[in-house]
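Each chain, letter by letter, is given below.
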Amino acid sequence: MTIVRGAIGGVAGYILGAALLMSIRAAAGSRAWEVESVTAGAWLFALTGWLLGVGVWRYWARPWFGKKEQVYTTTGWRRYFDFDTDHKVIGIQYLVSFLALFFMAGLFAMVMRYELMGVGEDVLDADQYNSLMSLHGTMMVFVAVAATVGAFGNYVVPIMIGADDMAYPKLNALSFWLVPPVLVALTASFFSGGYDTGWTGYAPLSVQSDVGGLFFNLAFFTLGLSSIVGALNIIVTVVTMRAQGMTWFRLPIFVWSIFITSILSLIFTQFIGLAMLMVVLDRTAGTIFFDPASGGEPLLYQHVFWFYSHPAVYIMILPAFGITLEIVSHFTRKPLFAYKWAVGGLLGIMGMSSVVWAHHMFTSGMAEALRKPFLASTEMISIPTGFIFLSALGTLWMGKIRYTVPMLFALGVLFNFLIGGITGVFLADVPVDIQLQDTYFVVAHFHYVILGGGIFGLFAAIYYWFPKMTGRMMNDRLGKLHFWWMMIGFNATFLPMFSLGLQGMNRRIADYTPDLADANRAVSMGGFFLGTSFVVFLYNFLKSWARGPVAPSNPWGARTLEWQIPSPPPHENFEVPPVVLADPYGYGEPDSIHADLGVTQSESIEEGVEA
Amino acid sequence: MGEEDRNNSSKRLLVVGLIWLVATVLAVIAVAAIQWHPFAASREAEITDDAFDLLLLFAAPVFTFVLVVGGYTLVRDRDRGTGADGAPIRTNRLFIGTWVVITTALSVLIVITPGFTGLDELRAEPEPDLIIDVRAERWNWAYTYAESGVETQGTLMLPIDRRILFRISSTDVIHSFWIPAFRIKKDAVPGQITTTMVTAEVLGSFDNQDEMRVQCAELCGVGHARMFTGVTVVEQAEFDAWLAAAGG
Ligand SMILES: [Cu+2]
Ligand SMILES: [Cu+2]
C-alpha cells in the first residue's frame, strides 16, 4: 500500500526532524519543544519521508545504491492509489483530488453564506468566520491553480501532441504525490483552529496568527513545489515530445494555453514559495523581514505575494480560455478563427502579467509614483485578453453550432468572463479602485473571473473529455440541467455582490450594518441555489462513471488526436507515432487531414473500445 | 463565396449592426437611469463617481457588442441536425484590423481618462487647512488634531469645506482607513505614515447616513468587521466650538 508506506515515512520523517531540531534547540539553550519552530523544520523531513515512502525510494533511490528500480505493476482501480507514472492515471488522480477539495471549499462557502444571511453572529463567531473564510479562499485558489492543469494538462496534452507520455513520467507522479501533504497541512490547519488572514496572508497579521497559519504557509509552499515540478514537465513535454509534423502553429489551442500557463507557473510560483518562507522564518527563526519595529517592511510581503498572485490569476484562467476556444471550434464545426491572434493573445497576457501586480496595492501606501504605471499596464492587458473574444466570436459567426453540454459551459465562460473582465477595467482605474478596493465589488469581480471563467472552464473540460477518460458517456439531460442550474445560481449569487460593494460592504467581514441585510439575504439564497446544482453534477458524474453507456472513440466528431484513439486510450496512447499534416481545425475544408495515424491504428478503432 | 452568400452576409452584418446600435442606446439609457453610488459627501467622491460613470459609458458598447454578435449567431447559426460543417473562415483582415485598432484605442483612452486625469484631479490642491493624525489599533481608531493637540476616539469630527490631511499610522497590523461617503481609502501600515486628503462638502453624520463612517477595510483579526466609528461633518464655527470644548 503506497499511502501506508508514505504515511509511515512521513511520520518517521516528522519524528526524526523534530528530534533533531529539539536537540539543537536544547543544545543552544532554548526550550526544546516549541510547536511552530519544530513543526516548520520537521515538515521538510516529513515531506521527504512521505515521498520516499510513496515512490522515491523505489524509483530513484534504489538505483543510487546499485539496485534495480521497483516499478509498480498494479492494475485496475488500485493504480489510482499508487505512484503510477502513466500520465492518464495521474490526470485522473489530480481531477478527483481537486474536485474533492472544490466541494469541501464549496461547503465552507455555504456555511459562510448561512452566517451572512442576517445581521449579528448566528452560527459562527467572528473568529470562526474568519477561519472558514480564509480556508475557503485558500482551498479554492489551490483548486483553480491546479485542477485544470493537473487533470487535463496531464491527461490530454501528451495525447494531443501525439506523444506516448510526458517527458518525465516519474517526475510527473512526484508532482501529484506532493498534493496529499498539501491536503494534510490544510486539515491540520483546520483542526488547529485555522487562521484569520485570508488566503492573502498579509504580514504582519500572518506572522502573529495561530499555529493554523503556519500550516497555511506550509500548505501553500508545498503546493508551489508541486506546481513548479509539474510546470517544468509540461514545458519540456511540449517542446520535445511533439509528434512529427506537429509544428508550433499546428498545436491545438488548448495545448498552447497549458504550455503558456506552465511557463507562468515555473517563473512565478517560486515567489509565493519565497513569501511563505519569509513568513515562516519571521515566525520561527527570529528574522525580521516584515517586523517594522526592527526595521522590517510589511509592504515587502505584498509585493512578493502579488508578484506571484497576479500571474496566478492567469494560471487559473488561461487553461479555461484554451478549453473554451477548443470547444467552440469543434462544436461550431468551423476552424478556429484568427488562430495566430489567439496564440498572440495568450503570449501577450503572459508577457504583461509580470508588470501589473501592484494594481492590488493602489491603497496600500506604496509610493504614489507607482500608481500611474500600474494603472496603465493593467488597462493595457485587456488588449491581448480581447483577442480571445475576437477568436471566439469569429469562430461562432456562421458556424453550425451544436449545443452540447461542453459547448454550453464554454459559452458560460465567455459570458461570465466578459463581466469579470469589464469590471476588472473599473478596478484598474485608481480613483474608482480607491473606493472599491477591499469591498464586495472585488469579491464579485474575482468570482466572475475565477469561478465564472476558470471553474466553468474546468466543468466544460470535464464534460468534454469524460468519455475519453472513462470510456463512458455522461447523461446529456442531467448535464444541461446542471449547466443552467449552475449558470443561474452563479449569476444570482455574484451579480448582486457588485451592488453590495458599491453600497459600501467591505469584504472579509463576519457582520455588517443593517442597511445591507436584504441584499445579503438575496446573495445567500443565490448561493444555496448554486451550491445545490453540484448535487446534479455529482450524481451524473459518479453514476455515469460506474454505469454510463459505453463511449465510442470519437463521440463529438472532433478532429484533435485524442479522439482518434480508443476511449479510454491504451497505455502507450498510439500504436505507431502519428504524423501530423495540418492543424486540427480543418472543418469544412474538403481535403484537410490533421494527422496520419497509420493503418493498424485505424483498424483498432473499428474493432471497438475494449482496450 | 458566391453572390448569394455575400448578400446574405452583408444582410447579417446590417441586422447585427442595427441591433447593436439599439442595444447600446438602451444600455446607455439604463446606465444613466440607475443610481450606482451611495451617499456622497466630498470633493473626492465627485471625481471617483464621475470616473466610474465614464467607464460605464465606455463599457456599454463593448458589452453589448459581444452580447449582440454572440447572441445573434447563437440563435441564427445553430445546427438543425444537418451534421454539416460551418463555413471555413479562418481570418478576416478587416474585422481583425478594426478590432485591434478599436480595442487598443479604447484602452489607451481609458488610461488617459478617467485614469490619469482622475488621479491628477485627486492630487490637485495639496495644501491642507487642517491636519489630523489617525492611529489605528486593534480594533479602534484614535484621532489627534495636530495643531491643537486634541486627542479623541469614537466619532470623527470634521469641518465642512476645509482641505483635510490625514496622516495614518498603525500600532499593530495593517488596517485601512476608509470613509465610504468620501470615497477615500488608505492603508494604515505599522512602521510607516501614509497620507490621504479630503474636502468634505456635505453636512451629515452616521446617525442619518450609513456611509458616514470610518471603516477598517483591511482584514486585521477577530474585531475587523466591527472596527468602525461614525464621521460627523459640521460648520466651521461648530467645529471650533467642539474643538475648544474638547480641550484645544
Ligand atoms: Cu491582479
Ligand atoms: Cu482593522
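Residues numbered from 1 in each chain as written. Chains lettered and ligands numbered in written order. Predicted model: local features only at pLDDT ≥ 70, side-chain atom pairs only at ≥ 80, totals over all residues. Heavy atoms only, no water.

Here's the deal with the overall build of chain A
As a reminder of what qualifies: Each helix corresponds to a stretch of at least 4 residues labelled H or I by DSSP, and each strand to a stretch of at least 2 residues labelled E; elements are numbered beginning at the N terminus. The buried label goes to any residue with under 20% of its type's maximum accessible area, the exposed label to any with over 50%, and the partly exposed label to all in between, with areas taken from a 1.4 Å probe on protein chains only. The criterion used for residue contact is that any of the two residues' heavy atoms lie within 4.5 Å. Methods summary: accessible areas were calculated by the Shrake-Rupley approach with a probe of 1.4 Å, and residue burial reflects only the protein chains presented. When charges are counted, neither His nor the chain ends are considered; positive counts come from Lys and Arg and negative counts from Asp and Glu. For the purpose of locating charges, the reference atoms are NZ of Lys, CZ of Arg, CG of Asp and CD of Glu.
Broken down by element type, chain A carries 20 helices and two strands. For chain A, the spread of C-alpha atoms along the three principal axes comes to 75 × 65 × 45 Å. Classification of the 611 residues of chain A by burial places 65% in the buried group. Residue pairs at least 24 apart in sequence account for 80% of intrachain contacts in chain A once pairs closer than 6 positions are excluded. Taken as a whole, chain A presents about 20100 Å² of accessible surface, with 68% of it coming from carbon and sulfur. Looking at charge distribution, chain A has the averaged site of its 32 positive side-chain charges lying 7 Å from that of its 39 negative ones.

Brief notes about the coordination of the copper ion (ligand 1)
Residues and elements named next belong to chain A. Here is the rule: Each metal site lists N, O and S donors within 2.8 Å (3.2 Å for Na, K and Ca). With water left out of the atoms, a site can look as if it is missing ligands.
Those protein atoms acting as donors to the copper ion (ligand 1) are His310 (ND1), His359 (NE2) and His360 (NE2), and they sit at 1.7 to 2.0 Å. In the primary sequence, the donor residues of the copper ion (ligand 1) line up as H-x48-H-H. Remark: His359 occurs in the loop between helix 12 (339-352) and helix 13 (371-380) and His310 occurs in helix 11 (residues 298-332); sequence separation between them is 49 residues.

Quick look at the sheet that holds strand 7 (residues 184-188) of chain B
All names here are of chain B. Heads up, the rule is: Strands are labelled as partners when DSSP assigns at least two bridges between them. Helix axes are fitted only over the stretch in contact, all axes being lines through C-alpha atoms; the angle between N-to-C directions runs from 0 to 180 degrees.
The strand order 4-10-9-6-7 describes an open sheet built from five strands, whose pairing is mixed. Each edge of the open sheet is held by one strand with a lone partner, namely strand 4 (156-159) and strand 7. The mean inter-strand angle of the sheet, taken between neighbouring strand axes irrespective of direction, is 25°. Judged from the four bridges that link them, strand 4 and strand 10 (residues 228-234) form a sheet pairing that is parallel.

Quick look at the nonpolar core
Inclusion rule: In plain words, nonpolar cores are sets of buried Ala, Val, Leu, Ile, Met, Phe, Trp, Tyr and Cys residues tied together by side-chain atoms within 4.5 Å.
With 272 residues, the main nonpolar core has Phe152 and Trp465 of chain A together with Leu156, Phe166, Phe177 and Phe182 of chain B as its most contacted residues. Counting residues per element, this core draws most heavily on helix 17 (residues 440-470) of chain A, at 21 residues. When neighbours within four sequence positions are excluded, Phe166 of chain B is seen to be in contact with Ile132, Val134, Leu156, Leu158, Phe177, Ile184, Thr194, Thr195, Thr196 and Val198 of chain B.

Remarks on a negative patch on the surface
The cut-off we apply is this: Exposure above 30% relative accessible area and the lack of any salt bridge qualify a residue for a patch; like charges then connect within 9 Å, and the nonpolar side chains Val, Leu, Ile, Met, Phe, Trp and Tyr within 5 Å. Criterion for a salt bridge: a side-chain nitrogen of Lys or Arg within 4 Å of a carboxyl oxygen of Asp or Glu.
Taken together, the side chains of Glu46, Asp50, Asp53, Glu121, Asp161, Glu201, Glu235 and Glu238 of chain B define an acidic patch exposed on the protein surface. Tracing the chain through its elements places Glu201 of chain B in the loop between strand 8 (194-199) and strand 9 (213-216).

Examining the coordination of the copper ion (ligand 2)
Applicable threshold: Here the metal geometry follows the donor angles, with tetrahedral for four donors whose angles all fall between 85 and 135 degrees, square planar for four and octahedral for six when opposite donors are more than 155 degrees apart and every other angle is between 65 and 115, and irregular for all the rest.
Only His175 of chain B (ND1), Cys216 of chain B (SG), Cys220 of chain B (SG) and Met227 of chain B (SD) from the protein reach the copper ion (ligand 2) as donors, at distances of 2.0 to 2.6 Å. Classification of the site at the copper ion (ligand 2) rests on its four donor atoms, whose angles at the metal span 92 to 122°, yielding the label tetrahedral.

Thoughts on the sheet that holds strand 2 (residues 140-145) of chain B
Residue and element names in this part refer to chain B. Sheet architecture is open: five strands sit in the order 3-2-1-5-8, paired in mixed fashion. The outermost strands of the open sheet, each flanked by one partner alone, are strand 3 (150-153) and strand 8. Each strand axis lies, on average, 25° off the axis of its neighbour in the sheet, ignoring direction. In this sheet, strand 5 (residues 163-170) lies alongside strand 1 (residues 130-137) in parallel orientation, the contact comprising seven bridges. Residue Val134 lies in a different strand from strand 5, and its bridge partner there is Ile168. Against the sheet, helix 4 (residues 236-245) touches strand 1, strand 2 and strand 3, its axis set at about 100° to strand 2.

With respect to the pairing of strand 9 of chain B
Residues and elements named next belong to chain B. Every second residue of strand 9 is oriented toward a common face, with Arg213 and Gln215 on one face and Val214 and Cys216 on the other, all of them buried. With two bridges joining them, strand 6 (residues 175-179) and strand 9 adopt antiparallel strand pairing. Bridged to Trp178 within strand 9 is Gln215. Sheet analysis places strand 9 next to strand 10, joined by three bridges and oriented antiparallel. Looking across to strand 10, one finds that Gln215 is bridged to Phe228.

Some points on the packing of aromatic side chains
Residues and elements named next belong to chain A. Test applied: Any two of the Phe, Tyr and Trp rings considered here, Trp counted by its six-membered ring, make a pair once their centres fall within 6.5 Å; the pair's planes then place it as stacked at under 30 degrees, edge-to-face at over 60, or tilted in between.
Applying the stated criterion to the full structure yields 79 aromatic pairs over all chains. Relative to Phe176, the ring of Tyr94 has its centre 5.4 Å away and its plane inclined at 75°; by these criteria the two rings are edge-to-face. On the criterion of sequence distance, the pair formed by Tyr94 in helix 3 (residues 87-115) and Phe176 in helix 6 (residues 169-177) is long-range, its members being 82 residues apart. For the pair Tyr94 and Phe176, a shared accessibility class is recorded, and that class is buried.

Concerning the pairing of strand 5 of chain B
All names here are of chain B. Within strand 5, six of the eight residues are buried, leaving the element largely enclosed by the surrounding structure. Pairing of strand 5 with strand 8 involves six bridges; the strand directions are antiparallel. For Ile164, the partnering residue across the bridge sits in strand 8 and is Val198.

Observations regarding the confidence of the model for chain B
Residues and elements named next belong to chain B. Just so we agree on the cut-off: Per residue, pLDDT captures the predictor's confidence, and it can take any value from 0 to 100.
Mean pLDDT for chain B: 94, with 97% of residues reaching 70 or above. Across chain B, strand 6 holds the top mean pLDDT of 98, while helix 1 (residues 3-33) sits lowest at 90. This complex was scored by the predictor with a pTM of 0.96 and an ipTM of 0.96.

Details of the packing of helix 18 (residues 476-503) of chain A against helix 19 (residues 517-547) of chain A
Residue and element names in this part refer to chain A. Defined as follows: Angle categories are assigned with fixed cut-offs, so that under 35 degrees is roughly parallel, over 145 is roughly antiparallel, 65 to 115 is roughly perpendicular, and the rest are oblique. Two helices that cross are described as forming a left-handed crossing if the nearer one is turned anticlockwise from the farther one by less than a right angle, and a right-handed crossing if clockwise. Polar here means any residue other than Ala, Val, Leu, Ile, Met, Phe, Trp, Tyr, Cys and Pro, which are nonpolar, and Asp, Glu, Lys and Arg, which are charged; Gly is therefore polar.
Orientation of helix 18 relative to helix 19, taken along the N-to-C sense of each, is 160°, at an axis distance of 8 Å. As judged from the angle between their axes, helix 18 and helix 19 are roughly antiparallel. The element helix 18 and its partner helix 19 pack so that their crossing is left-handed. The class makeup of the residues in the contact of helix 18 with helix 19 is 19 nonpolar, 10 polar and no charged.

Details of the environment of Arg167 of chain B
All names here are of chain B. Inclusion rule: Nitrogen and oxygen atoms within 3.5 Å of one another constitute a polar contact, given that in protein one can donate a hydrogen and the other can accept it, and given that sequence-neighbouring residues count only through two side-chain atoms.
Assignment of secondary structure puts Arg167 in strand 5. Overall, Arg167 belongs to the partly exposed group, its relative accessible area being 30%. Not counting the four nearest positions on each side in its chain, Arg167 is found in contact with Ile131, Ile132, Asp133, Val134, Ala146, Ile193, Thr194 and Thr195. Within the structure, the side chain of Arg167 is placed 2.7 Å from the side chain of Asp133, a separation counted as a polar contact.

Side note on the pattern of salt bridges
Under the criterion given, the structure shown has 22 salt bridges over all chains. Between Glu36 of chain A and Arg283 of chain A there is a salt bridge; the shortest N-O distance is 2.8 Å. Separated by 247 residues along the polypeptide, Glu36 of chain A in helix 2 (residues 35-64) and Arg283 of chain A in helix 10 (residues 253-284) bring together distant segments of the chain. Residues Glu36 of chain A and Arg283 of chain A agree in their burial class; the two are buried. Between Arg12 of chain B and Asp77 of chain B there is a salt bridge, and its shortest N-O distance comes to 2.8 Å. A residue pair is termed long-range when its members are at least 10 positions apart, and Arg12 of chain B in helix 1 and Asp77 of chain B in the loop between helix 2 (43-76) and helix 3 (93-123) qualify at 65 residues. Each member of the pair Arg12 of chain B and Asp77 of chain B is classed as buried. A network of salt bridges, in which partner residues are shared, links Glu368, Arg371 and Lys372 of chain A together with Asp120 and Arg123 of chain B.

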